[in-house]
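# Descriptive structure summary
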Amino acid sequence: RPRDLRWMRLLGLACAGVAAVLIAIYASSLIGERNYRSPSWLYALAPLVFAWLARVWQRASDGSMHDDPVVDAATDPAGLAIVAAGLGAFVAAL
């Protein structure tokens, strides 16, 4: 229902924020330090994940998202740029 869309979007953005915080917590943990040579690069993933998820929620709520989320993720230039930056940060952390 259209009246539920605002709440769905709000909860989706809240979950995106939680995901970003969890990534930052992992980056600062001893596990992150043990598994990565440069774990500080993992901090760059937190805002990137939030930006990508916020973009997905925005596109879904304004109707510009493709019906198939995989096709949308593979064809959205801004989303692909965010994913490429995240991949670069991950590789730098290794």
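The structure under discussion appears in the preceding block.
Residues numbered from 1 in each chain as written. Predicted model: local features only at pLDDT ≥ 70, side-chain atom pairs only at ≥ 80, totals over all residues. Heavy atoms only, no water.

With that out of the way, let us pick up the overall build of the protein. A tally of regular secondary structure across the protein gives five helices and zero strands. Along the protein, helices (α) and strands (β) appear in the sequence α-α-α-α-α when read from the amino end. Taken over the C-alpha atoms alone, the protein extends approximately 45 × 25 × 15 Å along its principal axes. Burial status across the protein gives 20% buried among its 94 residues. (Helix = DSSP H or I, 4+ residues; strand = E, 2+ residues; numbered from the N terminus. Buried < 20%, exposed > 50% of the residue type's maximum accessible area, 1.4 Å probe, protein only.)

This next bit is on the nonpolar core. Grouped together as the largest cluster of nonpolar side chains are six residues: A27, Y36, L42, L45, A89 and A93. Filtering out sequence-adjacent residues up to four positions away, A93 remains in contact with Y36, R37, S38, W41 and L42. (Core = buried A, V, L, I, M, F, W, Y, C linked by side-chain atoms within 4.5 Å. Contact = heavy atoms within 4.5 Å.)

Let's shift gears to the packing of aromatic side chains. For any pair of aromatic rings, the description rests on two quantities: the centre-to-centre distance and the angle between the ring planes. Tallying each qualifying case throughout the model produces two aromatic pairs. With centroids separated by 6.2 Å and ring planes inclined at 90°, the aromatic side chains of Y26 and Y36 adopt a geometry described as edge-to-face. Of the two residues, Y26 sits in helix α1 (residues 2-28) while Y36 sits in the loop between α2 (30-35) and α3 (45-62), which places them ten residues apart along the sequence. Through successive ring pairs, a cluster of aromatic residues spans Y26, Y36 and F90. (Phe/Tyr/Trp six-rings, centres within 6.5 Å; stacked < 30°, edge-to-face > 60°.)

Glancing now at the environment of D76. With respect to the helices, strands and loops of the structure, D76 is situated in the loop between α4 (69-75) and α5 (77-93). By relative accessible area, D76 is classed as buried at 7%. Not counting the four nearest positions on each side in its chain, D76 is found in contact with R55 and R59.

In this section: α3. The terminal C-alpha atoms of α3, which comprises 18 residues, lie 26 Å apart, in line with the 26 Å expected from a rise of 1.5 Å per residue. Those residues of α3 that are buried are in contact with α1, α4 and α5. Positioned one or two residues after α3, G63 has a phi angle of 85°, which is positive. (Expected span 1.5 Å × (residues − 1).)

This part takes up the packing of α1 against α3. Interaxial distance between α1 and α3 falls to 8 Å at its minimum, and their mutual angle equals 165°. The angle between α1 and α3 places the two elements in the roughly antiparallel class. For the pair α1 and α3, the sense of crossing is right-handed. Taken together, the residues of α3 that come into contact with α1 (itself represented by L5, M8, R9, G12, L13, A16, G17, A19, A20, I23 and A24) are L45, A46, V49, F50, L53, A54, W57, Q58 and S61. (Axes fitted to C-alpha atoms, helices over the stretch in contact; angles between N-to-C directions. Parallel < 35°, antiparallel > 145°, perpendicular 65-115°, else oblique. Left-handed = near helix turned anticlockwise from the far one by under 90°.)

As far as function goes, none of this settles anything; it's purely spatial.
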